[in-house]
Amino acid sequence: MNVTVVGTGYVGLVTGACLADVGNNVLCIDNDAGKIENLVDGIMPIYEPGLEAMVLENTHARRLRFSTDIGEGVDSADIIFIAVGTPPDEDGSADLRYIVEVAQSIGERINDYRVIVNKSTVPVGTAGRVREVISECIARRDVDIEFSVVSNPEFLKEGAAIEDFMKPDRIVIGADNPRAENMMRELYRPFSRNHDKIMLMGITSAELTKYAANAMLATKISFMNEMANLAERVDADIEAVRHGIGSDPRIGYDFIYPGCGYGGSCFPKDVKALVKISSEAGYRSVVLEAVENVNERQKRVLFDKLSRYFEGRISGLKFAVWGLAFKPNTDDMREAPSRVLIDAILDAGGSVAAFDPVATDEALRIYGQRQDLVFESEDPYSVLQDADALVLVTEWKIFRSPDFKLMSRKMKNPVVFDGRNVFDPNAARANGFSYHGIGR
């Protein structure tokens, strides 16, 4: 099939590359000329395992192309994916201005039947808005052109997006037109060879499914963080509790790891947006409001712990931070707990030396060059030199078996604040460390 993907961010680029990889002709469109030039030259705008190799291979095979010309994309495509950003507005609702702009561009250029697919995470009712905008543009042109709008939300995990797209748990398609349904089935047939993973439903149901999925996962995280905070106050070990409840198949072990809060481009934005959607529908979502509030509070837990340990005297101290990205295997620092921690330390007069294997460039983009904040991407132990404490924020695999003896020799003060419960507390204490975890 001929496919156009509008937007070369995380979702758009992964979608375009994976669809090209199974033999489709894909044109990725973006209005950022610099980003398109870099992609043509093989320079990726994001870090995602396996993505660069897939993009380069399919670009070389001429199945994947990049352009700033949305007119070319509309003219050449059977299916047009809209995968632009929907950033949160001040009131927490999703900002649809980029979605509307793309819909207008499609309506001004469309000349034959097309299936327009909302791939971005959008509020319930957005497909109707896209249909309305395109119809108005077509009417102004005084022509009669058929088209369909479909909802096809993404369920990609950053750090495992390629595998998630190529081997999906489910493919949710919201459509109200048999022709569009058949075209979407044909497009996704290569990803459903083992068994049919396509779930057809109404458009609004598909739109709500994406928000509901992310809100449920965020709820599990915030619930476990609530239990962790309680465990500390009643002298219980949340890790023992986690195993105790995770063994129940109705609960399971996924997303019940306590920590220093969730971040990224999805959970915080989508929970806020769903709260707003509920309010606009005349319903107050008390549970989701609590999920958000718990998470915002949890992001300050690490700073609160170290502030108590040092009796509020943070000024002049050096803190080593392991992990900047909001999760492993990505360089994404949007809403990352590390940012809350670093900001609090710097505001209190402390300094930070941070290690992350892939997110240091993004951190430099956010913070710039400054004397009280340095970044390292090669050696995690280098940031420990003369540190008054180590704070682990992101659970990269390389942190799982630390050399406590080397750490002790380098650090001024042998104390660790483990924001993801990665370290073995007994091993840390046996090597002379003061250990502070989450709920332990």
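Residues numbered from 1 in each chain as written. Predicted model: local features only at pLDDT ≥ 70, side-chain atom pairs only at ≥ 80, totals over all residues. Heavy atoms only, no water.

K.L.:
A description of the packing of aromatic side chains should follow, citing residues and the corresponding values.
P.N.:
For the structure on display, the rule yields 15 aromatic pairs. Aromatic side chains phenylalanine 355 and phenylalanine 399 sit 6.0 Å apart centroid to centroid with 70° between the ring planes, which places their arrangement in the edge-to-face category. Of this pair, phenylalanine 355 sits in strand E10 (residues 351-355) while phenylalanine 399 sits in the loop between strand E12 (389-392) and helix H16 (404-410), and the two are 44 residues apart along the sequence. You can call phenylalanine 399 buried: its relative accessible area is 0%. In textbook terms, an aromatic cluster arises when at least three aromatic residues are bridged by ring pairs, as seen for Trp322, Phe355, Tyr381, Phe399, Phe404, Phe423 and Phe433. The ring of phenylalanine 155 carries arginine 170 above its face, with NZ or CZ at 3.8 Å from the centroid. Positioned over the ring face of tyrosine 113 is arginine 179, at 3.7 Å from the centre of the ring. (Phe/Tyr/Trp six-rings, centres within 6.5 Å; stacked < 30°, edge-to-face > 60°. Helix = DSSP H or I, 4+ residues; strand = E, 2+ residues; numbered from the N terminus. Buried < 20%, exposed > 50% of the residue type's maximum accessible area, 1.4 Å probe, protein only. Lys NZ or Arg CZ within 6 Å of the ring centre and 35° of its normal.)

K.L.:
Residue-level account of helix H11 (residues 267-280), with values.
P.N.:
When the terminal C-alpha atoms of H11 are compared, their 20 Å separation across 14 residues agrees well with the 20 Å that a helix rising 1.5 Å per residue should span. Buried within H11 are the following residues: Phe267, Pro268, Lys269, Asp270, Val271, Ala273, Leu274, Val275, Ile277 and Ser278. Contact partners of the buried residues in H11: helix H9 (203-233) and helix H12 (286-298). Just beyond H11, the residue with positive phi is glycine 282, at close to 85°. (Expected span 1.5 Å × (residues − 1). Contact = heavy atoms within 4.5 Å.)

K.L.:
Would you mind going over the sheet that holds E10 in detail, with residue names and values included?
P.N.:
Spatial strand order, E11-E10-E9-E12-E13-E14: six strands in an open sheet with parallel pairing. The strands lining the two open edges of the sheet, one partner per strand, are strand E11 (373-376) and strand E14 (434-436). Going across the sheet, the axis of each strand differs from the next one's by a mean of 20°, ignoring polarity. Direction of pairing for strand E9 (residues 318-322) relative to E10: parallel, over a ladder of five bridges. Paired with lysine 318 across the two strands is serine 351, which belongs to E10. (Pairing = 2+ DSSP bridges. Axes fitted to C-alpha atoms, helices over the stretch in contact; angles between N-to-C directions.)

K.L.:
Could you give me a rundown of the side chain of glutamate 362, with the residues and numbers involved?
P.N.:
Relative to the helices and strands, glutamate 362 resides in helix H15 (residues 360-367). A distance of 2.7 Å separates the side chain of glutamate 362 from the side chain of arginine 365, its partner in a polar contact. Leaving out residues up to four positions away in the same chain, glutamate 362 has contacts with Asp331 and Met333. (Polar contact = N/O pair within 3.5 Å; in protein donor to acceptor, adjacent residues only side chain to side chain.)

K.L.:
Residues and numbers for the pattern of salt bridges, please.
P.N.:
Tallied over the full model, the rule gives 24 salt bridges. Glutamate 362 serves as the salt-bridge partner of arginine 365, at 2.7 Å between the closest nitrogen and oxygen. Taken together, the residues arginine 365 and glutamate 362, both in helix H15 and three residues apart, mark about one turn of the helix. (Salt bridge = Lys/Arg side-chain N within 4 Å of Asp/Glu carboxyl O.)

K.L.:
An account of unusual backbone geometry is requested, with residue identities and associated values reported.
P.N.:
Excluding glycine, residues mostly have negative phi values, and the peptide bonds linking residues are mostly trans. Look at aspartate 235: it is not a glycine, yet its phi comes out positive at around 60°. Turning to its location among the elements, aspartate 235 is positioned in the loop between H9 and helix H10 (238-246). Its identity as a non-glycine residue notwithstanding, asparagine 329 has a phi of 65°, on the positive side.

K.L.:
A description of the packing of H9 against H10 should follow, citing residues and the corresponding values.
P.N.:
Two numbers describe how H9 lies on H10: the axes approach to 9 Å, and their chain directions differ by 135°. By the criterion of interaxial angle, the relationship of H9 to H10 is oblique. Judged by the sense of rotation from one axis to the other, the crossing of H9 with H10 is right-handed. Of the residues in H10, those touching H9 at Met224, Met227, Ala228 and Ala231 are Ile238, Arg242 and Ile245. Across the contact of H9 with H10, the residue classes tally to six nonpolar, no polar and one charged. (Parallel < 35°, antiparallel > 145°, perpendicular 65-115°, else oblique. Left-handed = near helix turned anticlockwise from the far one by under 90°. Nonpolar A, V, L, I, M, F, W, Y, C, P; charged D, E, K, R; others polar.)

K.L.:
Which residues make up the environment of arginine 233, and what values go with them?
P.N.:
Mapping arginine 233 onto the fold places it in helix H9. A relative accessible area of 66% places arginine 233 in the exposed class. Between the C-alpha atoms of arginine 233 and asparagine 413, which are 180 residues apart in sequence, the distance is 26 Å.

K.L.:
Give a description of the nonpolar core that names residues and reports values.
P.N.:
By size, the foremost hydrophobic cluster in this structure holds 41 residues, and its most contacted members are Phe81, Val115 and Tyr188. Ranked by the residues each element gives to this core, the list is headed by helix H1 (residues 10-21), at eight residues. For phenylalanine 81, the contacting residues outside a window of four places in its chain are Val3, Thr4, Val5, Val6, Leu19, Val117, Lys119, Asn152, Leu187 and Tyr188. Core analysis: the next-biggest nonpolar cluster, separate from the first, contains 38 residues, Ile314, Ala325, Leu346 and Tyr367 among them. (Core = buried A, V, L, I, M, F, W, Y, C linked by side-chain atoms within 4.5 Å.)

From the geometry alone we can't say anything about function, so treat these as descriptive.
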